[in-house]
Amino acid sequence: RASVMNVVDEALSVLADTGPEYDVFGGRVSFANHGPMVIDALVAMGRGDAVPSWLERYRPRLATRSEPCKRIDPLDWRTALGDMGRVRDWADFFADELADARWMVVVDRWLPRLAPGMIGGVHGAIRTAHAVRSIGRMETPERVHELAEALGYWAAQYEELPRDESAPQKLRPSEAIAVLEQLDVSERTGWTRFTEPIGKLVDLPSFAAAADLIDTTDPGAAIADLTLTFSRLLISNVATVSPRALCHGLTGGVVADMMLPYLSDESIEASLRYGWQTAAAFYCALILHPPSENVAAPSESVNEIIDEALACP
């Protein structure tokens, strides 16, 4: 256990001066820095041994952290939400927050505030969930730094989708997708970035009710049903819709799962409801085919599948 923990902290130290995004295709597109998320995922799957070699290949592509612009006023933080130009300011802000209070207090204070902007901050939300799970195993300076970076990225990416807070309909996610209205198929195809069709949901009036369709009284049951439903959707659409995009509907939808042991009831409710709204957004804007009902088990072992993923460029 000690050696695995050392691997995590050593890897996070290597990434400590990297920014949350890096440019690809000559600067035409930015990709999220997935390094901290991959480290936590590998450890959670019992493959901490693979972290050093994977990180050696991944680290050279990353950009350095941006310089700070202006200190965020704790009494006027809302004006800086959703401003990626302030991402370093946000990371510094959360570093101060974490220096003044226990990390669980900071997470419970800020998760309900940030959750409504999860669709814009889907990578920030996922990165935060990994950071919470990692620091939950052991609190170290490296993991505190990573949590500040993750929360800062979420705040800088913040963007809301419409929500009409009607009475919850108490549906399971698998039932709720049946009542969701999707964009016209012409708007669900031909996009370059998955944010393009999702952005059109602001003009789909029925989507405002999506967040309140599901029953969150049993978080474990809701997460399990959402996971199964969107895994089936991923499988049935993988040949026609970018898997890179679709997987974010699944992982963004279930961010609460990695954080459940550490969150207050209010934070669990917020992360679950807006996680579902995020998954629903991917369904309404991207999905072309209904979920697969009969899925054959893979022929490879779990470790073989992980090795295949690690071999990807």
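Throughout what follows, the structure given in this document is the object of discussion. (Residues numbered from 1 in each chain as written. Predicted model: local features only at pLDDT ≥ 70, side-chain atom pairs only at ≥ 80, totals over all residues. Heavy atoms only, no water.)

Some remarks on the overall build of the protein chain
Then, number 1: In terms of regular secondary structure, the protein chain is built from 14 helices and two strands.
Then, number 2: For 313 residues, the compact-globule formula gives about 20 Å, and the C-alpha radius of gyration of the protein chain, at 19 Å, lands near that figure.
Then, number 3: Along the longest, intermediate and shortest principal axes, the C-alpha atoms of the protein chain span 50 × 45 × 45 Å.
Then, number 4: In the protein chain, the proportion of contacts linking residues at least 24 apart, taken out of those at least 6 apart, comes to 78%.
Then, number 5: Accessible surface, the protein chain: about 14600 Å² in total, of which carbon and sulfur atoms supply 53%.
Then, number 6: For the protein chain, the distance from the average site of its 28 positive side-chain charges to the average site of its 45 negative ones is 2 Å. (Helix = DSSP H or I, 4+ residues; strand = E, 2+ residues; numbered from the N terminus. Rg over C-alpha atoms; globule rule 2.2 N^0.38 Å. Contact = heavy atoms within 4.5 Å. Areas by Shrake-Rupley, 256 points an atom, 1.4 Å probe, with all protein chains shown as cover. Lys, Arg positive; Asp, Glu negative; His and termini not counted. Charge placed at Lys NZ, Arg CZ, Asp CG, Glu CD.)

Focus: unusual backbone geometry
Then, number 1: Even without being a glycine, Phe25 presents a positive backbone phi close to 55°.
Then, number 2: Along the polypeptide, Phe25 turns up in the loop between β1 (21-24) and β2 (29-32).
Then, number 3: Its identity is not glycine, yet Lys170 carries a phi of approximately 60°, on the positive side.
Then, number 4: Taking relative accessible area as the criterion, Lys170 reaches 48% and is therefore assigned partly exposed. (Buried < 20%, exposed > 50% of the residue type's maximum accessible area, 1.4 Å probe, protein only.)

Observations concerning the environment of Arg86
Then, number 1: You can see Arg86 is positioned in the loop between α3 (51-58) and α4 (87-100).
Then, number 2: Along the primary structure Arg86 and Pro68 are separated by 18 residues, whereas in three dimensions their C-alpha atoms are 7.3 Å apart.
Then, number 3: Setting aside residues up to four positions removed in sequence, Arg86 forms contacts with Cys69, Lys70, Arg71, Ile72 and Ala80.

Some remarks on the packing of helix α6 (residues 122-137) against helix α7 (residues 141-157)
Then, number 1: In contact at an axis separation of 8 Å, α6 and α7 are set at 160° when each is read in the N-to-C sense. Considering their axes alone, α6 and α7 lie roughly antiparallel with respect to each other. With respect to the hand of their crossing, α6 and α7 are arranged in left-handed fashion. In this structure, α6 contributes Val122, His123, Gly124, Ala125, Arg127, Thr128, Ala131, Val132, Ser134, Ile135 and Arg137 to the contact, and α7 contributes Arg143, Val144, Glu146, Leu147, Glu149, Ala150, Leu151, Tyr153, Trp154 and Gln157.
Then, number 2: For the contact of α6 with α7, the per-class residue count stands at 11 nonpolar, five polar and five charged. (Axes fitted to C-alpha atoms, helices over the stretch in contact; angles between N-to-C directions. Parallel < 35°, antiparallel > 145°, perpendicular 65-115°, else oblique. Left-handed = near helix turned anticlockwise from the far one by under 90°. Nonpolar A, V, L, I, M, F, W, Y, C, P; charged D, E, K, R; others polar.)

Observations concerning the nonpolar core
Then, number 1: Of all hydrophobic cores here, the largest spans 41 residues; its most connected members are Trp90, Phe94, Trp110, Leu111, Leu114 and Leu147.
Then, number 2: Going through the elements one at a time, α4, α5 (103-114), α6, α7, α12 (255-259) and α13 (265-286) are the ones with two or more residues in this core.
Then, number 3: It is α7 that contributes the most residues to this core, eight residues altogether.
Then, number 4: Beyond its immediate sequence surroundings of up to four residues, Leu111 is in contact with Trp154, Met259, Leu263, Ser267, Ala270 and Ser271.
Then, number 5: Phe194, Phe207, Leu250 and Ala280 belong to the second largest nonpolar core, which has 38 residues in total. (Core = buried A, V, L, I, M, F, W, Y, C linked by side-chain atoms within 4.5 Å.)

Remarks on the environment of Ile268
Then, number 1: Among the structural elements, Ile268 can be located in helix α13.
Then, number 2: Taking C-alpha positions, Ile268 is 8.9 Å from Thr216, a pair spaced 52 residues apart along the chain.

Description of the packing of aromatic side chains
Then, number 1: Evaluation of the coordinates by the stated rule reveals 14 aromatic pairs.
Then, number 2: Both rings, one in Trp77 and one in Trp110, keep their centres 4.7 Å apart while their planes meet at 70°; by these two values the pair is edge-to-face. Pair noted here: Trp77 is in the loop between α3 and α4 and Trp110 is in helix α5, with a separation of 33 residues, a long-range link.
Then, number 3: The exposure class assigned to Trp110 is buried, which follows from its relative accessible area of 1%.
Then, number 4: Measuring from ring centre to ring centre gives 6.3 Å for Trp90 and Trp110, while their planes differ by 80°; the resulting arrangement is edge-to-face. Remark: Trp110 occurs in helix α5 and Trp90 occurs in helix α4; sequence separation between them is 20 residues.
Then, number 5: Classification of Trp90 by relative accessible area gives buried; the value is 0%.
Then, number 6: Between Arg113 and the ring centre of Trp110, over which it is positioned, the NZ or CZ distance is 4.5 Å. (Phe/Tyr/Trp six-rings, centres within 6.5 Å; stacked < 30°, edge-to-face > 60°. Lys NZ or Arg CZ within 6 Å of the ring centre and 35° of its normal.)

Observations concerning the pattern of salt bridges
Then, number 1: Summed over the entire model, instances satisfying the criterion amount to 21 salt bridges.
Then, number 2: One salt bridge in this structure joins Asp9 and Arg143, with 2.9 Å as the shortest N-O distance. In this pair, Asp9 is assigned in helix α1 (residues 2-15) and Arg143 in helix α7, connecting sequence segments 134 residues apart.
Then, number 3: Relative accessible area serves as the criterion here: at 12%, Asp9 is assigned to the buried category.
Then, number 4: For Arg143, a relative accessible area of 1% puts it in the buried group.
Then, number 5: In this structure, the salt-bridge partner of Asp89 is Arg86, at a minimum N-O distance of 2.5 Å. Here Asp89 matches Arg86 in class, with each residue buried. (Salt bridge = Lys/Arg side-chain N within 4 Å of Asp/Glu carboxyl O.)

No statement about biological role is implied by the geometric values presented.
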